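Report on the structure
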Amino acid sequence: MLGVRTRLPLLAPAFLALAAAAASADPVELRLSSGQSFRGEVVRIDDEKVDLRIDDAAGSVVSVWVADLEPISRVLVYRCRKERLPEKDGRERLRLARFCLIFGLLLEAQSEFR
């Protein structure tokens, strides 16, 4: 069984990839707990859903419930949402912190409360 110290270096590349995807306008891949995934450009994010323009010929938009996402995809949604926030908007940062608490992103919520 791997200990916490052993697993953290294994997760580092995944988090670096998340940070890079959130910082760019490149398509992102969101994975659902059911195993299904969608790849596309984030069009809109609210407190419960993410709208993606998927990579197909028609440019279809798919809505995905944040509650249905795998935890690693929730972190990606958080980063995309944070990137879109005005830096000095305290009210929106509190909404983002609440979003983090609801979806179990405790470290991210803590950083928003600072």
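None of the values given here were measured: they were computed from a predicted structure.

Our focus in this paragraph is the pattern of salt bridges. Applying the stated criterion across every chain, the model contains nine salt bridges. Between Arg44 and Asp46 there is a salt bridge; the shortest N-O distance is 3.3 Å. On the basis of relative accessibility, which here comes to 40%, the residue Arg44 falls in the partly exposed class. A salt bridge links Arg93 to Glu112; the shortest N-O distance between them is 2.8 Å. Highlighted residues: Arg93 in helix α3 (residues 90–102) and Glu112 in helix α4 (residues 106–113), separated in sequence by 19 residues. Here the salt bridges do not stand alone but share partners, grouping Asp47, Arg81, Glu92, Arg95 and Arg98 into one network.

Turning our eyes to something else, we now look at the packing of helix α2 (residues 71–83) against α4. Interaxial distance between α2 and α4 falls to 11 Å at its minimum, and their mutual angle equals 20°. By the angle class used here, α2 and α4 are roughly parallel. Where α2 crosses over α4, the handedness of that crossing is left-handed. Contacts from Val75, Tyr78 and Lys82 in α2 reach Glu108, Ser111 and Glu112 in α4. In terms of residue class, the contact of α2 with α4 is made up of two nonpolar, one polar and three charged.

Its location among the elements puts Val42 in strand β2 (residues 37–45). Judged by its relative accessible area of 11%, Val42 is buried. Considering only alpha carbons, one finds Val42 and Cys80, 38 residues apart in sequence, at a separation of 8.0 Å. What Val42 contacts, discounting residues up to four positions off in sequence, is Val28, Val50, Asp51, Leu52, Cys80 and Arg84.

In this structure Glu112 comes out as buried when scored by relative accessible area, which is 5%. Side chain to side chain, Glu112 and Lys82 meet in a polar contact 3.2 Å long. Not counting chain neighbours up to four residues away, the residues in contact with Glu112 comprise Tyr78, Lys82, Arg93, Leu96 and Ala97.

Close contact between α2 and α3 brings their axes to 11 Å; oriented N to C, the two are set at 180°. In terms of their interaxial angle, α2 and α3 are classed as roughly antiparallel. For the pair formed by α2 and α3, the contact residues are Val77, Tyr78, Arg81 and Lys82 on the first element and Arg95, Leu96, Phe99 and Cys100 on the second. Along the lines of polarity and charge, the residues of the contact of α2 with α3 split into five nonpolar, no polar and three charged.

Below, the discussion takes up the side chain of Ser73. As for its placement among the helices and strands, Ser73 is situated in helix α2. The exposure class assigned to Ser73 is buried, which follows from its relative accessible area of 3%. Setting aside chain neighbours within four positions, we find Ser73 in contact with Glu29, Leu30 and Arg31.

Reading the values: rules and limits
- Residues numbered from 1 in each chain as written.
- Predicted model: local features only at pLDDT ≥ 70, side-chain atom pairs only at ≥ 80, totals over all residues.
- Heavy atoms only, no water.
- Salt bridge = Lys/Arg side-chain N within 4 Å of Asp/Glu carboxyl O.
- Buried < 20%, exposed > 50% of the residue type's maximum accessible area, 1.4 Å probe, protein only.
- Helix = DSSP H or I, 4+ residues; strand = E, 2+ residues; numbered from the N terminus.
- Axes fitted to C-alpha atoms, helices over the stretch in contact; angles between N-to-C directions.
- Parallel < 35°, antiparallel > 145°, perpendicular 65-115°, else oblique.
- Left-handed = near helix turned anticlockwise from the far one by under 90°.
- Contact = heavy atoms within 4.5 Å.
- Nonpolar A, V, L, I, M, F, W, Y, C, P; charged D, E, K, R; others polar.
- Polar contact = N/O pair within 3.5 Å; in protein donor to acceptor, adjacent residues only side chain to side chain.

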